[in-house]
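Topology and contacts: notes
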Amino acid sequence: MKDAPETIVISEFKAKCLGILRRVQKTGRPVVVTRRGERVAEIHPPSPVEPDADWLGSFEGRGRITGDLVEPIAAEDWEALR
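1. Quick look at the overall build of the protein chain
A tally of regular secondary structure across the protein chain gives 1 helix and 3 strands. Starting at the N terminus, the α and β elements of the protein chain follow one another as β-α-β-β. Within the protein chain, the fraction of its 82 residues that count as buried is 12%. Put simply, 38% of the contacts in the protein chain that link residues at least 6 apart link residues at least 24 apart.

Here is the structure:
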C-alpha cells in the first residue's frame, strides 16, 4: 500500500515550492496543498513518458502500386488535362 500523501499549507508550499517538487519527483509520494484546512491542489509525480514511435517505415505495407512506375506519363493520360 502506498504512503498517505503529505499535507502542506499553501504558504509553506509557496516558500518551498521547488524543493517540494523535487521531493515529489524523487520519492513519488504526492503532496496535498491546503488553504485554511481545505484542499486546493494535489502534486503528483509525472506519468512515465512513452517514447515516440519511429516514423521511418511507419507506412510499410499500407500502399499499393497500381501501374508502371518507370514508364513516363503523357499529358493525355492525365484526366485533369482533358
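2. Thoughts on the sheet that holds strand 2 (residues 31-35)
If you walk across this open sheet you meet the 3 strands as 1-2-3, and the pairing is mixed. Two strands bound the open sheet, and with one partner strand each, they are strand 1 (6-9) and strand 3 (38-43). Ignoring strand direction, the axes of neighbouring strands in this sheet form an average angle of 30 degrees. Of the pairings in the sheet, the one linking strand 1 to strand 2 comprises 4 bridges and is parallel in character. Paired with Glu6 across the strands is Val31, a residue of strand 2.

3. Thoughts on unusual backbone geometry
Look at Arg36: it is not a glycine, yet its phi comes out positive at around 55 degrees. Residue position: Arg36 is located in the loop between strand 2 and strand 3.

4. Regarding the nonpolar core
Counting 7 residues, the largest nonpolar core consists of Ile8, Phe13, Ile20, Val24, Val31, Val33 and Ile43. Those elements that place two or more of their residues in this core are helix 1 (10-27) and strand 2. Of the residues forming this core, the biggest block, 3 residues, is contributed by helix 1. Among residues more than four places away in sequence, those in contact with Val33 are Ile8, Val9, Ile10, Phe13, Glu38, Arg39, Val40, Ala41 and Ile43.

5. Some points on a nonpolar patch on the surface
On the surface, Ile65, Leu69 and Val70 cluster together into a nonpolar patch covering about 390 Å² of accessible area. Tracing the backbone shows Leu69 in the segment after strand 3.

Conventions adopted
Residues numbered from 1 in each chain as written. Predicted model: local features only at pLDDT ≥ 70, side-chain atom pairs only at ≥ 80, totals over all residues. Heavy atoms only, no water. Helix = DSSP H or I, 4+ residues; strand = E, 2+ residues; numbered from the N terminus. Buried < 20%, exposed > 50% of the residue type's maximum accessible area, 1.4 Å probe, protein only. Contact = heavy atoms within 4.5 Å. Pairing = 2+ DSSP bridges. Axes fitted to C-alpha atoms, helices over the stretch in contact; angles between N-to-C directions. Core = buried A, V, L, I, M, F, W, Y, C linked by side-chain atoms within 4.5 Å. Patch = residues over 30% accessible without salt bridge, like charges linked within 9 Å, V, L, I, M, F, W, Y side chains within 5 Å. Areas by Shrake-Rupley, 256 points an atom, 1.4 Å probe, with all protein chains shown as cover. Salt bridge = Lys/Arg side-chain N within 4 Å of Asp/Glu carboxyl O.

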